[in-house]
Amino acid sequence: MAGRNDPYGTNRDVRSDFRAEIREFLGTRRARVTPEQAGLPTYGGDRRRVTGLRREEVALLAGISSEYYTRLERGNATGVSESVIDGIAQALQLDEAERIHLLDLLRGAGTTRPPRRRPVQQRVRPAVQRVLDSMTGTPAFVLSGRLDILAANALGRALFSPVYAAPADSAAPADPAHPPNNARFVFLDPHATEFFRDWDEVANDTVAMLRAEAGRDAYDRRLTDLIGELSTRSEEFRRRWAAHNVRIHTTGAKRLHHPVVGDLDLPFETFPLGTDPSQLLLTYTPEAASRSQEALNLLASWSATTNDAITNPDSPAEPEPTDAADSVE
């Protein structure tokens, strides 16, 4: 949510940012709902200057005055009741992620004094790392809200080896203070379009998750720095960011192409870590006896051999797979 003329957020009026976000978010939601979809009558001679609903039509559907809705869309979020929010969410056909995002924006716009925030390095508790390491057959990670990979087990690091191999930060070398970042990899690394077989879908989801996180915590300086960097360096990111889409991404499947074992189709699940709501546990679990499971087994063997060669350079090295597709047939 960095300002347009200050993409890295060095001189920010955060409340003004929230008001602009409310205006643009509600405007984009209005534009996608037609009168027909909303159940409103249309007339042959009605020449509409907007692609979706007018403000007065949203107000009608939400059961509020058009003046009140106009003030709200312009960012005047003082004293908005739950019933009004419910009415607007229903009128604009918001899903749960969008409704939560609207609540976050309204809450932020109504904050009278933003908290002082200094960038803090997020840490993963040792007990959580032990849980990751115990999941030997499952790639597992801990992600931050800005999509940093804060921790992983051995198979997770092997699976996401292209992400770990990418520069962690354009301004700093790889170290714990600058962990690998999925969003930076997706939009700034040329290998991303090969690694993610559905790159366009992954890119959309990545931006939607960052947009939702920015609504939850606009005072996270590292998050606004990341958004500013991606906005400056990637036209693909800028175009998607302007759409104001948000998403709760807790389950699904990823189609990857790993440089060692080839194609994998991996269902995933995410779980919040109770002590830190901004951290998520991410696991990939293919179906038993599937080709993707065989590829993961091969990857685990390759990872163990590689790590052993690093820690025991005198041990005989096993040959690397020459073709992942042949290796898992």
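Preceding this section is the structure that the text describes.
On a predicted model such as this, the values are computed, not experimentally measured, just so you know.

Participant: Please clarify how the pairing of strand β1 (residues 140-143) should be interpreted in this entry.
Facilitator: Consecutive side chains of a regular strand alternate in pointing toward one face of the sheet and then the other. Along β1, one buried face is formed by Ala140 and Val142 and the opposite face, lined by Phe141 and Leu143, is buried too. Linking two consecutive strands that pair antiparallel, namely β1 and strand β2 (residues 149-152), is a turn of five residues; a positive phi of about 70° is found at leucine 147 within it.

Participant: Looking at this structure, how should I read the pairing of β2?
Facilitator: Bridge count between β1 and β2: three bridges; the pairing is antiparallel. Residue leucine 143 lies in a different strand from β2, and its bridge partner there is isoleucine 149.

Participant: What exactly am I supposed to notice about the environment of tryptophan 302 here?
Facilitator: Looking at the secondary structure, you find tryptophan 302 in helix α15 (residues 291-311). What makes tryptophan 302 buried here is its relative accessible area of 19%. Sequence separation of tryptophan 302 and leucine 155 is 147 residues, and the distance between their C-alpha atoms is 9.8 Å.

Participant: I would appreciate a short explanation of the packing of helix α3 (residues 55-62) against helix α4 (residues 66-73) in the present structure.
Facilitator: The interhelical angle for the contact between α3 and α4, taken along N-to-C directions, is 110°, at an axis separation of 8 Å. Our classification of the angle between α3 and α4 gives roughly perpendicular. The crossing of α3 and α4 is right-handed. Residues Arg55, Glu56, Val58 and Ala59 of α3 touch α4, and the partners they reach there are Ser66, Tyr69, Thr70 and Glu73.

Participant: What exactly am I supposed to notice about the packing of aromatic side chains here?
Facilitator: To describe a pair of aromatic rings, one takes the distance between the centres and the angle between the planes. The full count for this structure, using the stated rule, is eleven aromatic pairs. An angle of 85° between the planes, with centres 5.3 Å apart, marks the rings of phenylalanine 187 and phenylalanine 237 as edge-to-face. One end of the pair, phenylalanine 187, is in helix α10 (residues 182-188); the other, phenylalanine 237, is in helix α14 (residues 235-241), with 50 residues separating them in the sequence. Look at phenylalanine 237 and you get buried, because its relative accessible area is 0%. Taken together, a centroid distance of 6.2 Å and an interplanar angle of 65° make the contact between phenylalanine 268 and tyrosine 284 edge-to-face.

Participant: Is there a simple way to explain the environment of arginine 32 in this structure?
Facilitator: With respect to the helices and strands, arginine 32 occurs in helix α1 (residues 14-32). Put simply, arginine 32 and glutamine 93 are 61 residues apart on the chain and 9.6 Å apart in space, counted from C-alpha to C-alpha. Not counting residues within four places of it along the chain, the set of residues in contact with arginine 32 comprises Gln37, Leu92, Gln93, Leu94 and Glu98. Among the polar contacts made by the side chain of arginine 32, one reaches the main-chain carbonyl oxygen of glutamine 93 at a distance of 3.4 Å.

The rules we used
- Residues numbered from 1 in each chain as written.
- Predicted model: local features only at pLDDT ≥ 70, side-chain atom pairs only at ≥ 80, totals over all residues.
- Heavy atoms only, no water.
- Buried < 20%, exposed > 50% of the residue type's maximum accessible area, 1.4 Å probe, protein only.
- Helix = DSSP H or I, 4+ residues; strand = E, 2+ residues; numbered from the N terminus.
- Pairing = 2+ DSSP bridges.
- Axes fitted to C-alpha atoms, helices over the stretch in contact; angles between N-to-C directions.
- Parallel < 35°, antiparallel > 145°, perpendicular 65-115°, else oblique.
- Left-handed = near helix turned anticlockwise from the far one by under 90°.
- Contact = heavy atoms within 4.5 Å.
- Phe/Tyr/Trp six-rings, centres within 6.5 Å; stacked < 30°, edge-to-face > 60°.
- Polar contact = N/O pair within 3.5 Å; in protein donor to acceptor, adjacent residues only side chain to side chain.

Scope: geometric values only; no functional claims are made or implied.
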